[in-house]
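One-letter residues, chain by chain:
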Amino acid sequence: MRELTALLKKEISPALGVTEVGAIALASARAAAAAEGNIRKIHVEMNGGMYKNAFSCAIPGTKELGCEMAALLGAVCGDWTLGLECLKPVTEADADRVKGMGIDVTTAVDKSKEEIYILAEVETDKGTGKALIEVKHSNITKVWKDGEVTFEAETKAAEAEKPFPFDTVTVADFVDYVKTVPSEEIAFVQDMIDMNCALSAEGAKGAGLSIGATLDAFRAKGVLGDDMISRAQHLTTAAMDARLAGLPFPAMSIVGSGSHGILCSMPVVSYGRSIGADEDTIRRAVALSGLITIYSKHYTGRLSALCGCVLGGGSGAAAGIVLLMGGGAAEVAAAMDHMAANLTGMICDGAKPSCALKLSSGVSTAVFSAILAMEHKCVSSVEGIIDNDVDRSIRNLTRIGSQGMNETDKLVLDIMTHKQCD
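All values reported here derive from a predicted model rather than from experimental measurement.

> Help me out: how do you make sense of the packing of helix α13 (residues 313-324) against helix α14 (residues 329-343) in this one?
Geometry of a packed helix pair, given as the angle between the helix axes and the separation of the axes. It is at 9 Å that the axes of α13 and α14 come closest, and there the two elements cross at 145 degrees. Pair α13 / α14 crosses with right-handed handedness. Each of Gly 314, Ser 315, Ala 318, Ala 319 and Val 322 in α13 lies in contact with α14, whose residues at this interface are Glu 331, Val 332, Ala 335, Met 336 and Met 339. Its residues assigned to classes, the contact of α13 with α14 shows 7 nonpolar, 2 polar and 1 charged.

Shown next as structure tokens:
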């Protein structure tokens with residue numbers, strides 16, 4: 001199915017730092033470019049999920065973090081033509097400079113918006129510019145200059161493109177696709193592998209919580225073993241440490257999330273290389289992981305109350321590892337059910353350095369889920385939310401994330417916006 005190749009290509013893209021930080025900076029940079037002149041005031045409104053995921057995250061290339069700094073640096077120093085890499089030109093010196101400019105920066109949460117939504121307004125000595133992002137992190141749908149529309153997408157991205165018919169495909173279809181697709185058709189998956197491995201190598205030098213380095217230290221003491229789970233945790237958490245600490249190196253994201261991109265690729269790559277699999281086989285496994293991630297996120301939305309360790313990247317990783325173990329659709333389904341039965345309820349309380357801890361849990365659970373599946377052990381359909389069809393299990397899980405966890409998500413956001421930070 002060429003449609004699956006196109007779907008995978010469309011949803012994979014580079015992102016510098018946390019994608020929500022990049023999206024806020026992008027909207028602000030575009031609004032500032034529309035206004036022109038010396039900036040006096042910046043105001044950005046966004047949906048709750050966007051605010052939550054940018055609240056505690058570092059700005060790439062600086063020691064700064066959060067929504068206001070993302071908006072300020074994007075407006076003053078960002079290059080909107082770079083999309084989610086718009087903060088690429090920013091340095092620590094820039095951060096120090098803009099903080100001394102006396103620009104008034106405010107942000108607000110629009111509780112009526114559930115999907116991705118950012119409206120940035122920048123006031124300068126030459127006028128006012130506004131930019132709107134909707135549906136996807138990099139999708140600028142409207143730009144204003146002094147109240148006059150200067151750019152408007154013909155339709156929203158969700159309407160402009162022919163939607164992929166998710167209701168017509170199953171997990172088994174994804175497995176069949178990655179086993180039979182010509183190698184050259186998914187050669188682009190290597191870009192994801194290379195970029196996220198490079199990010200991991202930077203994180204392993206010491207960044208964020210330094211989980212990878214800590215694992216190495218305790219392995220050297222003989223406390224931890226050198227097994228496939230610990231190696232997968234090292235490769236994955238080091239990439240997350242680098243990304244969430246704001247190191248100036250991009251991650252290859254999927255469905256608008258660098259975390260999902262890292263989680264759906266790094267454990268699979270680590271396991272594949274541990275067993276000596278060839279690169280084509282590893283690419284196929286990563287492609288399967290990516291498709292499962294996209295499939296899951298289609299039903300819950302790009303920003304969810306549930307952590308992607310279970311819904312999205314984690315389930316994708318389990319599926320990819322099963323493929324490397326020689327499993328087929330039945331074993332992939334069993335591994336995904338194990339993930340849902342085990343980690344359901346892990347909340348998303350925003351992107352932040354400690355997300356590397358959650359990914360560490362997701363990695364070990366993904367490998368364990370794959371092992372159980374290959375031993376033909378599977379959670380039965382009489383247990384909890386698990387159904388006798390993995391595609392229905394996914395829908396059950398996404399209903400929890402998109403419907404049942406709404407109040408939890410509101411409470412998390414309320415806590416974050418009212419707590420006292422040191």
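Past the structure itself, the notes keep going.
> It is not clear to me how the packing of aromatic side chains should be interpreted in this structure. Could you clarify?
Aromatic ring pairs are reported here in terms of the distance separating the ring centres and the angle at which the planes meet. If you walk through the whole model with that rule in mind, you get 4 aromatic pairs. A network of ring pairs unites the aromatic residues Phe 164, Phe 166, Phe 174 and Tyr 295 as a single cluster. Across the ring face of Trp 80, the terminal group of Arg 30 is positioned such that the distance to the ring centre comes to 4.2 Å. Taking NZ or CZ as reference, Lys 113 lies 4.8 Å from the ring centre of Tyr 117, over its face.

> Just checking my understanding: could you explain helix α4 (residues 67-77) for this structure?
The periodicity of an α-helix, 3.6 residues per turn, causes residues three or four places apart in sequence to face the same way. Most of α4 sits inside the fold, with 9 of its 11 residues counted as buried. Of all the residues in α4, the buried ones are Cys 67, Met 69, Ala 70, Ala 71, Leu 72, Leu 73, Gly 74, Ala 75 and Cys 77. Looking at the buried positions of α4, the neighbouring elements they touch are α2 (19-35), β2 (39-46), α3 (48-54), α5 (92-99), β3 (104-109) and β4 (117-124).

> Explanation requested: the state of the cysteines in the structure shown.
Working definition of a disulfide: a covalent bond connecting the sulfur atoms of two cysteines. Using the criterion set out here, one finds 0 disulfides in the structure. Of the cysteine sulfurs around Cys 86, a residue in no disulfide, the closest is that of Cys 77, at 11 Å.

> I'm lost on the pairing of β2 in this one. Help?
Sheet faces and side chains relate simply in a regular strand, where the side chains alternate between the two faces. Where β2 meets β4, 7 bridges bridge the pair, whose relative direction is antiparallel. Paired with Met 46 across the strands is Ile 118, a residue of β4. Here 6 bridges tie β2 to β3, and the two strands are oriented parallel to one another. Considered in β3, the bridge of Met 46 is made with Val 109.

> Explanation requested: the sheet that holds β2 in the structure shown.
Two strands in a sheet stick together by hydrogen bonds in their backbones, pointing the same way (parallel) or opposite ways (antiparallel). Read from one edge to the other, the open sheet built from 6 strands follows the order β3-β2-β4-β5-β6-β7, with strand pairing classed as mixed. The open sheet has two free edges, formed respectively by β3 and β7 (148-152), since each of these has just one partner strand. Recorded for the sheet is a direction-independent mean angle of 15 degrees between the axes of neighbouring strands. Taken together, the 4 bridges between strand β6 (residues 140-145) and β7 define a ladder with antiparallel strand orientation. Within the sheet, the bridge partner assigned to Val 143 lies in β7 and is Phe 151. Packing against the sheet, α4 makes contact with β2, β3 and β4, and its axis sits at approximately 130 degrees to β2.

> Help me understand the pattern of salt bridges in this model?
If the charged atoms of two oppositely charged side chains come close together, the side chains can form a pair. Per the counting criterion, the structure on display carries 11 salt bridges. The partner of Arg 97 in a salt bridge is Asp 94, with the nearest N and O atoms 3.3 Å apart. Of this pair, Arg 97 and Asp 94 both sit in helix α5, 3 residues apart, which is roughly one turn of the helix. For Asp 94, a relative accessible area of 16% corresponds to the buried category. Glu 279 is the salt-bridge partner of Arg 273, the closest N and O atoms lying 3.6 Å from each other. The exposure class assigned to Glu 279 is partly exposed, which follows from its relative accessible area of 30%.

Conventions and cut-offs
Residues numbered from 1 in each chain as written. Predicted model: local features only at pLDDT ≥ 70, side-chain atom pairs only at ≥ 80, totals over all residues. Heavy atoms only, no water. Axes fitted to C-alpha atoms, helices over the stretch in contact; angles between N-to-C directions. Helix = DSSP H or I, 4+ residues; strand = E, 2+ residues; numbered from the N terminus. Left-handed = near helix turned anticlockwise from the far one by under 90°. Contact = heavy atoms within 4.5 Å. Nonpolar A, V, L, I, M, F, W, Y, C, P; charged D, E, K, R; others polar. Phe/Tyr/Trp six-rings, centres within 6.5 Å; stacked < 30°, edge-to-face > 60°. Lys NZ or Arg CZ within 6 Å of the ring centre and 35° of its normal. Buried < 20%, exposed > 50% of the residue type's maximum accessible area, 1.4 Å probe, protein only. Disulfide = S-S within 2.5 Å. Pairing = 2+ DSSP bridges. Salt bridge = Lys/Arg side-chain N within 4 Å of Asp/Glu carboxyl O.

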